[in-house]
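Chain and residue survey
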Amino acid sequence: MNAQTIPAADKAEPGKNMKAVARPLKGRWNAPLAGYLFIAPWLLGFLILQLWPIIQSFYLSFTEFSLLEPARWIGLKNYRDISQDRLFFNSLKVTFLYVITSVPLKLLAALLVALLLNRKIRGISFYRTIIYLPSLIGGSLAVAVLWRNIFGLNGFINQLAILVGIAPKNWIGTPSTALGTLVLLTAWQFGSSMIIFLAGLKQIPGELYEAASVDGASPLRKFIRITLPMLSPVILFNLIMGIINAFQMFTSAFVVTNGGPVNSTEMFALFLYNKAFGSLQMGYASALAWILLVIIGIATAVNFIASKYWVFYETETEGRK
C-alpha cells in the first residue's frame, strides 16, 4: 500500500490523535466533583461523628468538666490524679489479666474448631452455622444477662454441680472466680475468629500436605510444619483484633458483674464509664480514654514488631528465591 491509498483519517498527525484521546481523560481528572459527592456522606460522618469528638476528647482531657458546668482548663492535673488513683491501677491489673487469659483461650478454641470444620463431611455447612450463631448474639445484653443467670447461685452450672455431688458456689459473687466467668464468656464468642481461621485454612495448598504424607510426616508434624506457618498471618490478625477488643471490653463486665465483687472485674472501660457517667468527671474520663488509646497502640506495635520472628509470608519466600 502506497501513501496515496492511505485513508485521510490515517494520515492525521499522531500527536493530534493522542490529544483527542487524552482530552476527555484530562477533563475527567480536572472535574472530581462527582467523586467528592459520592464520598460526601462518609466524609461528613467521619468529620462530625469521629474526628471532631476525638479532638474534643483530647481537649477535655486537660479540663475539669462535669456536663453541668463549662469546661475549665487545668492542664495535666487529670493525668497526675490518674497516676495516684488506686482504682485506676486496679482496673489496669484486671484488664491485663483478662487480656492475657481470654485472648489466647479464644484463639485456641477458634483454631481447633476451624480445624474440625475444615473437614469434608456431610452437613458441614449446617455445623458451621450452628457453631457461628453464638457470636452473632454473643455481645448482646440478653446473652450477658443469660450468662449471669447460668453462673448464678441457682443457675445451670450449680444445678449441674449438685447432680454430680459438688456443693454449689457463687461463681459471680466470689472475687477469685468472677473474672473467670467473663473469660469463659469471651472464649465462647469465638465464631468470628473461627470463620477467619477457616478461610485461611482453605488457602493452604493441598499439595503441601500430599508431599508431607509422601515423606511420612505425622498429622502433628504437618500441623506444626505446614498449617501453623501458613496460617501465621491470619493468627497475627486475629491476635491483634482480639487484643484490641479485649482492652475495650465493657458490656459483659457491666451487665454480668458490674465490676464486682470488690472491684475484681472492674475493667478499664468500665472504670472509665463510672468516672464519666457515675461521677460526671468527663475531663478525667477523657484522659483515661487517651491513656487506653496509648496502651492499645503500644500493644499493637509490639505485636507487629514481634511478628517478624514468627509470621511467615509466602511473598517473602518467593523474593528469596
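Residues numbered from 1 in each chain as written. Predicted model: local features only at pLDDT ≥ 70, side-chain atom pairs only at ≥ 80, totals over all residues. Heavy atoms only, no water.

Further remarks concern the overall build of the chain. Scanning the chain for helices and strands turns up 16 helices and two strands. Within the chain, buried positions represent 35% of all 321 residues. Sequence separation of 24 or more characterises 68% of the internal contacts of the chain that already satisfy a separation of 6 or more. With an accessible surface of roughly 20400 Å², the chain has 68% of that area assigned to carbon and sulfur atoms. (Helix = DSSP H or I, 4+ residues; strand = E, 2+ residues; numbered from the N terminus. Buried < 20%, exposed > 50% of the residue type's maximum accessible area, 1.4 Å probe, protein only. Contact = heavy atoms within 4.5 Å. Areas by Shrake-Rupley, 256 points an atom, 1.4 Å probe, with all protein chains shown as cover.)

This part is about the side chain of N158. Take N158: it is sitting in helix α8 (residues 156-163). When its relative accessible area of 1% is taken as the criterion, N158 is described as buried. A polar contact of 2.8 Å, which involves the side chain of N158, links it to the backbone oxygen of L153. Look past the residues within four positions of N158 in its chain and what remains in contact with it is G152, L153, P168, K169 and W171. (Polar contact = N/O pair within 3.5 Å; in protein donor to acceptor, adjacent residues only side chain to side chain.)

As a further point, take the nonpolar core. Formed by 60 residues in total, the largest nonpolar core has its most connected members in Y98 and F197. Those elements that place two or more of their residues in this core are α5 (86-117), α7 (141-150), α9 (175-188), α10 (191-202), α12 (219-247), α13 (251-257), α14 (268-278) and α15 (282-307). Per-element accounting of this core gives the leading share, 12 residues, to α5. Look past the residues within four positions of Y98 in its chain and what remains in contact with it is V103, L179, L182, V183, T186, A246, M249 and M267. (Core = buried A, V, L, I, M, F, W, Y, C linked by side-chain atoms within 4.5 Å.)

With that settled, the discussion passes to the packing of aromatic side chains. Going through the model one piece at a time under the given rule, you end up with 15 aromatic pairs. The interplanar angle of 45 degrees and the centroid separation of 5.6 Å between the aromatic rings of F62 and Y79 together place this pair among those described as tilted. With F62 in the loop between α3 (33-60) and β1 (63-64) and Y79 in helix α4 (residues 77-83), this pair connects stretches of sequence that are 17 residues apart. Judged by its relative accessible area of 23%, Y79 falls in the partly exposed class. Judged by centre distance (5.3 Å) and plane angle (15 degrees), the rings of F250 and F254 are stacked. (Phe/Tyr/Trp six-rings, centres within 6.5 Å; stacked < 30°, edge-to-face > 60°.)

With that out of the way, let us pick up the packing of α3 against α15. In contact at an axis separation of 7 Å, α3 and α15 are set at 115 degrees when each is read in the N-to-C sense. Of the possible angle classes, the one that applies to α3 and α15 is roughly perpendicular. With respect to the hand of their crossing, α3 and α15 are arranged in left-handed fashion. The residues of α15 that touch α3, namely those facing I54, S57, F58 and L60, are G283, S286 and W290. (Axes fitted to C-alpha atoms, helices over the stretch in contact; angles between N-to-C directions. Parallel < 35°, antiparallel > 145°, perpendicular 65-115°, else oblique. Left-handed = near helix turned anticlockwise from the far one by under 90°.)

All right, on to the pattern of salt bridges then. Any two side chains of opposite charge can pair, so long as their charged atoms come close to each other. Inspection of every chain in the model, using the stated rule, returns three salt bridges. Across the pair K77 and D81 runs a salt bridge, and its minimum N-O distance is 2.9 Å. Taken together, the residues K77 and D81, both in helix α4 and four residues apart, mark about one turn of the helix. Between D85 and K275 there is a salt bridge, and its shortest N-O distance comes to 3.9 Å. Taken together, the residues D85 in the loop between α4 and α5 and K275 in helix α14 connect sequence positions 190 residues apart. For D85, a relative accessible area of 14% translates into the label buried. Given the relative accessible area of 17%, K275 is considered buried. (Salt bridge = Lys/Arg side-chain N within 4 Å of Asp/Glu carboxyl O.)

In this section: the confidence of the model for the chain. The predicted model of the chain averages 86 in pLDDT, with 87% of residues at 70 or higher. Long-range and interchain partners of residues 1-6, a stretch whose pLDDT sits below 50, account for four contacts in this model, where long-range means more than four residues apart. The model gives residues 8-12 a pLDDT under 50, and that stretch makes four contacts with residues more than four places away or in other chains. (pLDDT = per-residue confidence, 0-100.)

Now for the environment of F304. Within the secondary structure, F304 sits in helix α15. Contacts of F304, omitting those with residues within four sequence positions, involve L236 and I240.

Taken together, Y36, F38, I39, W42, L43, L44, L47, I48, L49, L51, W52 and I55 make up a surface patch of nonpolar side chains, about 1300 Å² in accessible area. Its location among the elements puts L47 in helix α3. (Patch = residues over 30% accessible without salt bridge, like charges linked within 9 Å, V, L, I, M, F, W, Y side chains within 5 Å.)

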